[in-house]
Amino acid sequence: MTIEFRDLHKSFGAQHVLRGLTMTIERGEVFFIIGTSGVGKSVTIKHLVGLLQPDSGEILVDGKPVHGLAEREYYPLRKRLGMVFQHSTLFDSLTVLDNVALPLRKHQRMRMSAAREAAKERLAVVQMERYADRWPAELSSGMRKRVAIARTLTLEPQYVLFDEPTTGLDPVSARRVDEMIKRLQTLDVTSVVVSHDLTSIFTIADRIAFIYQGQAHIIGTPEQLRAADDPIVQQFISGRSDGPMETPGF
Amino acid sequence: MIARVGDVVIGVTREVGGIGVLMLQVLRALLPWPSMDARELWRNLYRMGVKSLPIILATAFFSGAILVVQSGIFVRRFGAEGLLGWATGYSTFREIGPILIALMFSGRVGSNNTAELGTMTITEQIDGLRALAIDPIRYLIVPRVTAMMVMLFALTVFGDFVAILGGALLGQVVVGVDTSVFWHSLFSNLGTWDLVHGLVKSVFFGLVISLTSCYFGISVRGGAVGVGRAVNASVVASAIGIMVTDCLLTLLMK
Ligand SMILES: Nc1ncnc2c1ncn2[C@@H]1O[C@H](COP(=O)(O)OP(=O)(O)OP(=O)(O)O)[C@@H](O)[C@H]1O
Ligand SMILES: [Mg+2]
């Protein structure tokens, strides 16, 4: 059970975002995708659930191609492959509790009351049960993110894609999310985490892909990344503003 | 000049095509078994129908009243008191009622619907549904289309009734035609078909408004500016769609 990107290309108009991205994510690992803002990390993981289609190249999940399918063919895949969006995307018209209960009602054919009970437990895991009856618009972005994580995990996916799960969270909540991702690993869940959070990166990552100019510039364990004598990687992980790295837009 | 006309034609064709595709997707979502999210359906029935009732009834009352006041001049000049009820009923049931109510409904409910779906689109809530393996057509669009068709029909029934009431009242007060004369003229000259004719139209208007407003909502691009543009386009396109549908149906149901 693996996820494979093979020579992926994706452009938006004249902007060539992914330029031959190739990487393999192994079963059960916590795989981090890092890189500068706007480099194409969110774009990369959206390809996995069919929200974006590549211009060329292949994406394989468990050996089966998952690009160019019809919308309906993605639904079975998306139940196994959950995604937490960068901007949470909670539904404004549902309360926090009903947001989390929705996938349960739709996919496990649970009744409303049973789904709500189950949703409460899910919210407790991310310390959000006190806010069950609030509307998403009344929460801070860090709170919304935790609800979004709970919602994605309701279906118990085998793969979870986290788009910046700790951005906007205080350090304590952020470490709790890290622990949760680690705990998922013991349940044989594979996590793909997009992150800028250096603490997460160096505490929970098994392997890291550093994306630069539309390609996987380097892939390796945290130790390998630290020890790499690549000036661009060194500039990124030490957070220096001057160096060889090209950051378009700045 | 010719190029610009060409652009407009291409643009209109694309939007109409998109609305057609959405209709097919809605029909497909009803297979093999027409089911939908009950909560979404109730929520939309309430906010689209019940909340529209006051404004629709007010519009209907005044349009019935104005109709009678306008024709009052001729009624007096030609001594056609016996025709007032018939004329008011005929034009209200067949034309004025369905079309005015549909336009009001489009302005209030259609625009709101486009704005809501548009905001959901730009904030990735629609993609969020898809990522949860929930079909947005089935979960969001089908209940809205159903709610709008049902509610526009119901509002037209109430609206017709209130418009006639307004006509009868103003006929008595302003034109001086006794209500008994008005009712007699109405009931002895009009058949159920006149009422059904207009109600059939209202169901199709509901379909046009719902598909148009949903289509423009889910195809929003470009942030808040895009939502504004979509609401605008949706109201204009709905109005044109209502007129075209009205023409076609009137010819078909003669
Ligand atoms: N739907 C879209 N239409 C046009 N351009 C897009 C679209 N989505 C992404 N892009 C462009 O692709 C590039 C990569 O975007 P992406 O969201 O993947 O960045 P990111 O690496 O996730 O950055 P961040 O860390 O800020 O979230 C950006 O320059 C963006 O402008
Ligand atoms: Mg991103």
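Report follows, based on the coordinates. Worth saying up front: this structure is predicted, and the values here are computed from it rather than measured.

Points about the overall build of chain A
- Within chain A, the regular secondary structure consists of 9 helices and 10 strands.
- What you see for chain A is a C-alpha radius of gyration of 18 Å, in line with the 18 Å of a compact globule of 250 residues.
- Once the C-alpha set of chain A is aligned to its principal axes, its extents read approximately 55 × 40 × 35 Å.
- Taken over 250 residues, chain A has a buried fraction of 54%.
- Across chain A, every contact between residues at least 6 apart in sequence was considered, and the portion connecting residues at least 24 apart equals 61%.
- Counting every atom, chain A has about 11100 Å² of accessible surface; 50% of that belongs to carbon and sulfur.

Here we look at empty space enclosed by the protein
- On inspection of all chains with the given rule, the structure shows 2 cavities of 30 Å³ or more.
- Taken together, R78, K79, G82, M83, T152, L155 and P157 of chain A together with A131 and L132 of chain B make up the lining of the largest cavity.
- Secondary structure elements with two or more residues in the lining of the largest cavity: α2 (71-80) and β6 (81-84) of chain A.
- Looking at the lining of the largest cavity residue by residue, the classes come out as 5 nonpolar, 2 polar and 2 charged.
- By volume, the second largest cavity is sized at about 30 Å³.

Brief notes about the coordination of the magnesium ion (ligand 2)
Residues and elements named next belong to chain A.
- Around the magnesium ion (ligand 2), the protein contributes the donor atoms S42 (OG) and Q86 (OE1), which lie 1.9 to 2.1 Å from the metal centre. Pair noted here: S42 is in helix α1 (residues 41-48) and Q86 is in the loop between β6 and α3 (96-107), with a separation of 44 residues, a long-range link.
- Exposure remark for S42: the relative accessible area of 18% places this residue in the buried category.
- Its relative accessible area of 25% is what places Q86 among the partly exposed residues.

Quick word on the environment of V173 of chain B
- Take V173 of chain B: it is sitting in helix α6 (residues 136-175).
- Taking the relative accessible area as the measure of exposure, V173 of chain B reaches 63% and is therefore exposed.

Some words on a nonpolar patch on the surface
All names here are of chain B.
- Taken together, the side chains of V69, L169, V173 and V174 present a nonpolar region at the surface, about 340 Å² in accessible area.
- Considering every element that reaches the nonpolar patch, the biggest residue donor is α6, with 3 residues.
- Tracing the backbone through its elements, the reader meets V174 in helix α6.
- The class for V174 is partly exposed, based on a relative accessible area of 40%.

Details of the site of ligand 1
All names here are of chain A.
- Around ligand 1, a shell composed of 14 residues is seen, among which Q15, S37, G38, K41 and S42 lie nearest.
- K41 places a polar side-chain atom, nitrogen or oxygen, 2.7 Å from an oxygen atom of ligand 1.
- Between E164 and ligand 1, the recorded distance is 3.1 Å, taken from a side-chain N or O atom to an oxygen atom.
- Taken by itself ligand 1 offers 640 Å² of open surface, and the protein chains cover 64% of this.

Reading guide: rules and limits
Residues numbered from 1 in each chain as written. Chains lettered and ligands numbered in written order. Predicted model: local features only at pLDDT ≥ 70, side-chain atom pairs only at ≥ 80, totals over all residues. Heavy atoms only, no water. Helix = DSSP H or I, 4+ residues; strand = E, 2+ residues; numbered from the N terminus. Rg over C-alpha atoms; globule rule 2.2 N^0.38 Å. Buried < 20%, exposed > 50% of the residue type's maximum accessible area, 1.4 Å probe, protein only. Contact = heavy atoms within 4.5 Å. Areas by Shrake-Rupley, 256 points an atom, 1.4 Å probe, with all protein chains shown as cover. 1 Å grid on protein atoms, 1.4 Å probe; cavity = no way out; pocket = protein on both sides within 12 Å on 5 of 7 lines; lining within 4 Å. Points joined across faces, edges and corners; volume = space filled by probe spheres on them. Nonpolar A, V, L, I, M, F, W, Y, C, P; charged D, E, K, R; others polar. Donors = N, O, S within 2.8 Å, 3.2 Å for Na, K, Ca; no water. Patch = residues over 30% accessible without salt bridge, like charges linked within 9 Å, V, L, I, M, F, W, Y side chains within 5 Å. Salt bridge = Lys/Arg side-chain N within 4 Å of Asp/Glu carboxyl O. Near = heavy atom within 4 Å. Polar contact = N/O pair within 3.5 Å; in protein donor to acceptor, adjacent residues only side chain to side chain.

In short, geometric facts, not functional conclusions.
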